[in-house]
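An overview of the molecular structure
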Amino acid sequence: AIALIPDGIHIMKKPDLNQPIRIVMIIIWIVMIITPVLSSVPVARDWSTVLNAFKASLHTTGPACVLFFLNYLLLIPKFFFGDGKKKAIFYAVNIAIIALIVSRSIPRPQMPPLPDEVISHIPRRVIWGMRFFRIFTATCMNVFIVVIAIGLRSFIRSNELIMKYEQERRNAAEAELS
């Protein structure tokens, strides 16, 4: 798009990238949730397996999606770009959310235990190592999701600031020409 400033001076306007970025993000999350379901349909051919795949997909991808959009839409705009107290709130809320998500990844007591003959052959340090690795992996994944949300929001904010600066420059040029 071209903006026409009086006296025939043309200045190019940058297109707004925010809407396409938001649409692409939503499509990516939908694809991440639906892909396991779609891959189970040709193999299973029964709806209970497809439903189980969908539940498993929601159980693993759902919290990450909620974490991403909670940060992207609410926490980052309100707290991350603020002063020290607001940033502290941002980090505290994210630590609490990630701890909640990670606590869900720890095996629950109601899950069926391994048979005794299997447990007797696995050293305790291996079992604790597997639990630690599961917690560590879930934590890293969720921190990575928060970092991606911060990066995207920062990119969009810088784009908005550049557009605002260029608009102010155009307004100043128009004022000089008038």
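The structure reproduced in this document is the subject of the present report. Position numbers for residues count from 1 along each chain, tracking the sequence in the order it is written. At least 70 in pLDDT is required for a residue's local features to be given in this predicted model, at least 80 for side-chain atom pairs to be given and counted, and no such filter applies to totals for whole chains, interfaces and linings, which use all residues. Heavy atoms from the whole structure form the basis of all side-chain values; hydrogens and water molecules are not counted.

1. Some words on the environment of Ile145
Secondary structure counts use DSSP, requiring at least four H or I residues in a row for a helix and at least two E residues in a row for a strand, with both numbered from the N terminus. Counting through the fold element by element, Ile145 comes out in helix α5 (residues 124-177). For the pair Ile145 and Phe69, spaced 76 residues apart in sequence, the C-alpha to C-alpha distance is 9.8 Å. Any two residues whose heavy atoms approach within 4.5 Å are treated as being in contact. Setting aside residues no more than four positions away along its own chain, Ile145 makes contact with Trp29, Ala64, Leu67 and Phe68.

2. Examining the nonpolar core
Here, nonpolar core refers to any group of buried Ala, Val, Leu, Ile, Met, Phe, Trp, Tyr and Cys residues whose side-chain atoms link them within 4.5 Å. Burial classes: relative accessible area under 20% of the type maximum marks a residue as buried, over 50% as exposed, and values in between as partly exposed (1.4 Å probe, protein chains only). With 23 residues, the main nonpolar core has Trp29, Leu67, Phe68 and Phe90 as its most contacted residues. Contributions of two or more residues to this core are made by α1 (18-44), α2 (47-80), α3 (84-105) and α5. In terms of residue count, α2 provides more of this core than any other element does, 9 residues in total. Discounting chain neighbours no more than four positions away, the residues touching Trp29 are Thr61, Ala64, Cys65, Phe68, Phe69 and Ile145.

3. Looking at α2
The terminal C-alpha atoms of α2 lie 44 Å apart, and with 34 residues this falls more than 12% below the ideal 50 Å at 1.5 Å per residue. Two axes define the bend at a residue: one fitted to the seven residues ending there, one fitted to the seven starting there, and the bend is the angle between them. A bend of about 45 degrees at Asn71 is the largest found in α2. Expected span of a helix, by definition, is 1.5 Å for each gap between consecutive residues, and there is one gap fewer than residues.

4. Remarks on the packing of aromatic side chains
Any two of the Phe, Tyr and Trp rings considered here, Trp counted by its six-membered ring, make a pair once their centres fall within 6.5 Å; the pair's planes then place it as stacked at under 30 degrees, edge-to-face at over 60, or tilted in between. Scanning all chains against the criterion turns up 7 aromatic pairs. Taking 5.8 Å as the distance between ring centres and 5 degrees as the angle between the ring planes, the aromatic pair formed by Phe68 and Tyr72 counts as stacked. Pair noted here: Phe68 and Tyr72 are both in helix α2, with a separation of 4 residues, about one helical turn. Tyr72 carries the same exposure label as Phe68, and that label is buried. Look at Phe132 and Phe136: their rings are 6.0 Å apart centre to centre, the planes differ by 20 degrees, and that puts the pair in the stacked class. Pair noted here: Phe132 and Phe136 are both in helix α5, with a separation of 4 residues, about one helical turn. A relative accessible area of 58% means that Phe132 is categorised as exposed. Given the relative accessible area of 45%, Phe136 is considered partly exposed. An aromatic cluster is built from Trp29, Phe68, Phe69 and Tyr72, whose rings are joined through pairwise contacts. The ring of Tyr72 is capped by Arg153, whose NZ or CZ atom sits 4.3 Å from the centre of that ring. Charges are assigned to positions over rings by a cutoff of 6 Å between ring centre and Lys NZ or Arg CZ, combined with an angular limit of 35 degrees from the ring normal. Sitting over the ring of Phe81, Arg157 keeps its end group 4.3 Å from the ring centre.

5. Quick notes on the packing of α2 against α5
For any two helices packed against each other, one specifies the crossing angle of their axes together with the interaxial distance. Taken N-terminus to C-terminus, the directions of α2 and α5 make an angle of 45 degrees; their axes are 9 Å apart at the nearest point. Considering the angle they form, α2 stands oblique to α5. For the element pair α2 and α5, the recorded crossing hand is right-handed. Residues Ala64, Leu67, Phe68, Asn71, Tyr72, Leu73, Ile76, Pro77 and Phe80 of α2 lie in contact with α5, whose contacting residues are Met141, Asn142, Ile145, Val146, Ile148, Ala149, Ile150, Leu152, Arg153 and Ile156. Split into classes, the residues belonging to the contact of α2 with α5 amount to 16 nonpolar, 2 polar and 1 charged. Angles shown run from 0 to 180 degrees and are taken between the N-to-C directions of axes, each axis being a line fitted to C-alpha atoms and, for helices, limited to the stretch in contact. The cut-offs work like this: below 35 degrees is roughly parallel, past 145 is roughly antiparallel, 65 to 115 is roughly perpendicular, and the gaps in between are oblique. Here a crossing is called left-handed whenever its near helix is offset anticlockwise from the far helix by less than a right angle, and right-handed whenever the offset is clockwise. Only Asp, Glu, Lys and Arg are considered charged in this grouping, and only Ala, Val, Leu, Ile, Met, Phe, Trp, Tyr, Cys and Pro are considered nonpolar; every other residue, Gly among them, is considered polar.

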